[in-house]
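Here is how the chains run, residue by residue.
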Amino acid sequence: MERIVLSLLVDNTSGVLSRVAGLFSRRGYNIESLTVGVTADERYSRMTVVSTGDQEILDQIEKQLRKLEDVRDIKELKPGHSVYRELILVKVHASASQRQAICAIADIFRATIVDVGKDSVTVMLTGDQSKLDAVLNLLEDYEILELARTGLTGLSRGSDDIRYLP
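Residues numbered from 1 in each chain as written. Predicted model: local features only at pLDDT ≥ 70, side-chain atom pairs only at ≥ 80, totals over all residues. Heavy atoms only, no water.

An unreviewed UniProt entry lists the protein under the name Acetolactate synthase small subunit, with Lacrimispora celerecrescens given as the organism. Recorded under Function (unreviewed entry), the UniProt text for the protein is reproduced unchanged: "Catalyzes the conversion of 2 pyruvate molecules into acetolactate in the first common step of the biosynthetic pathway of the branched-amino acids such as leucine, isoleucine, and valine." Regarding the protein, the relevant UniProt record gives this comment under Catalytic activity (unreviewed entry): "2 pyruvate + H(+) = (2S)-2-acetolactate + CO2". (UniProt positions renumbered as here; feature names shortened; annotations may be inferred.)

Structure, rendered in structure tokens:
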């Protein structure tokens, strides 16, 4: 199975997310990750879609997305030519004696402690998937109470591949 990361520039209107997700659902394609946010031009949103499949399926996904009238531009974000990031928030059960060790793990990964409760610590970290997986692996020694992961978002490197829409 291969993986594809697509950056879609879409109209910022209601129903666009539903139409894109519906395309995947109708054809039985899996969405591994999906993030959406408005761009500097409020008329458009950027979607980052991560999917897996054989090369034929991945080519078909891109072709089908291009047919959607709300999709203005599609770029494949290739490793080495793109920047990918993800965000996680992890709430860990932490007694007073465990807080120092959890803070040390956070420091190693340049994570931020965003909340401290009587018996918990919430850690925020951004990075690539392997960095996030590594910190989660270390925090498994503690009781993870809650976990929120945004999914992958990304942009191509440099300014050579910028597309301006009217």
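> How should the environment of Ile4 be read in this particular structure?
With respect to the helices and strands, Ile4 occurs in strand E1 (residues 2–11). Separated by 74 residues in sequence, Ile4 and Lys78 place their C-alpha atoms 7.8 Å apart. Sequence-distant contacts of Ile4, defined by excluding residues within four places in its chain, comprise Val49, Val50, Ser51, Leu58, Glu62 and Glu76. (Helix = DSSP H or I, 4+ residues; strand = E, 2+ residues; numbered from the N terminus. Contact = heavy atoms within 4.5 Å.)

> What is the right way to read helix H4 (residues 129–139) from this model?
An α-helix turns once per 3.6 residues; consequently, residues spaced three or four apart project the same way. All of the buried residues in H4 are Leu132, Val135, Leu136 and Leu139. For H4, the buried positions fall inside an angular range of 100° around the axis, keeping them on one side. (Buried < 20%, exposed > 50% of the residue type's maximum accessible area, 1.4 Å probe, protein only. Arc of directions from axis to C-beta.)

> Help me out: how do you make sense of a negative patch on the surface in this one?
A contiguous patch of negative charge, built from Glu2, Asp54, Glu56, Asp59 and Glu76, is present on the exposed surface. Structurally, Glu56 is set in helix H2 (residues 55–67). (Patch = residues over 30% accessible without salt bridge, like charges linked within 9 Å, V, L, I, M, F, W, Y side chains within 5 Å. Areas by Shrake-Rupley, 256 points an atom, 1.4 Å probe, with all protein chains shown as cover. Salt bridge = Lys/Arg side-chain N within 4 Å of Asp/Glu carboxyl O. Lys, Arg positive; Asp, Glu negative; His and termini not counted. Charge placed at Lys NZ, Arg CZ, Asp CG, Glu CD.)

> Explain the environment of Leu34 to me, please; I cannot follow it from the model alone.
Relative to the helices and strands, Leu34 resides in strand E2 (residues 31–38). As a C-alpha pair, Leu34 and Thr126 span 92 residues in sequence and 16 Å in three-dimensional space. When residues no more than four places from it in sequence are discounted, the contact partners of Leu34 are Leu17, Met47, Thr48, Val49 and Thr150.

> Sorry, what's going on with the pairing of strand E5 (residues 82–93) here?
As a general feature of sheets, a regular strand has side chains that alternate between the two faces. Of the two faces of E5, the one lined by Ser82, Tyr84, Glu86, Ile88, Val90 and Val92 is fully buried and the one lined by Val83, Arg85, Leu87, Leu89, Lys91 and His93 carries no buried residue. Looking at chain direction, E5 and strand E9 (residues 153–156) are connected through four bridges and run antiparallel. Bridge assignment links Val83 to a residue of E9, and that residue is Leu155. Here E5 pairs with strand E7 (residues 120–127) via eight bridges, running antiparallel. Across the sheet, the residue bridging to Val92 is Val121, located in E7. (Pairing = 2+ DSSP bridges.)

> I tried to follow a positive patch on the surface on my own but got confused; where do I start?
There is a patch of like positive charges on the surface, built from Arg26, Arg27, Lys63 and Lys67. Of all the elements in the fold, those that place two or more residues in the positive patch are helix H1 (16–27) and H2. Topologically, Arg27 is positioned in helix H1.

> In this structure, what is going on with the sheet that holds E1? I would like to understand it.
Across a sheet, paired strands are connected by hydrogen bonds in the backbone, their directions being either parallel or antiparallel. Read across the sheet, four strands follow the order E2-E3-E1-E4 without closing on themselves; strand pairing throughout is antiparallel. Both edges of this open sheet fall to E2 and strand E4 (71–76), since each of them pairs with a single strand only. Recorded for the sheet is a direction-independent mean angle of 20° between the axes of neighbouring strands. As paired strands, E1 and E4 are joined by five bridges and run antiparallel to one another. Paired with Ser7 across the strands is Lys75, a residue of E4. In the packing of H1 onto the sheet, the strands contacted are E1, E2 and strand E3 (44–53), and the crossing angle to E3 comes to about 15°. Sitting on the sheet, H2 is in contact with E1, E3 and E4, with an inclination near 0° to E1. (Axes fitted to C-alpha atoms, helices over the stretch in contact; angles between N-to-C directions.)

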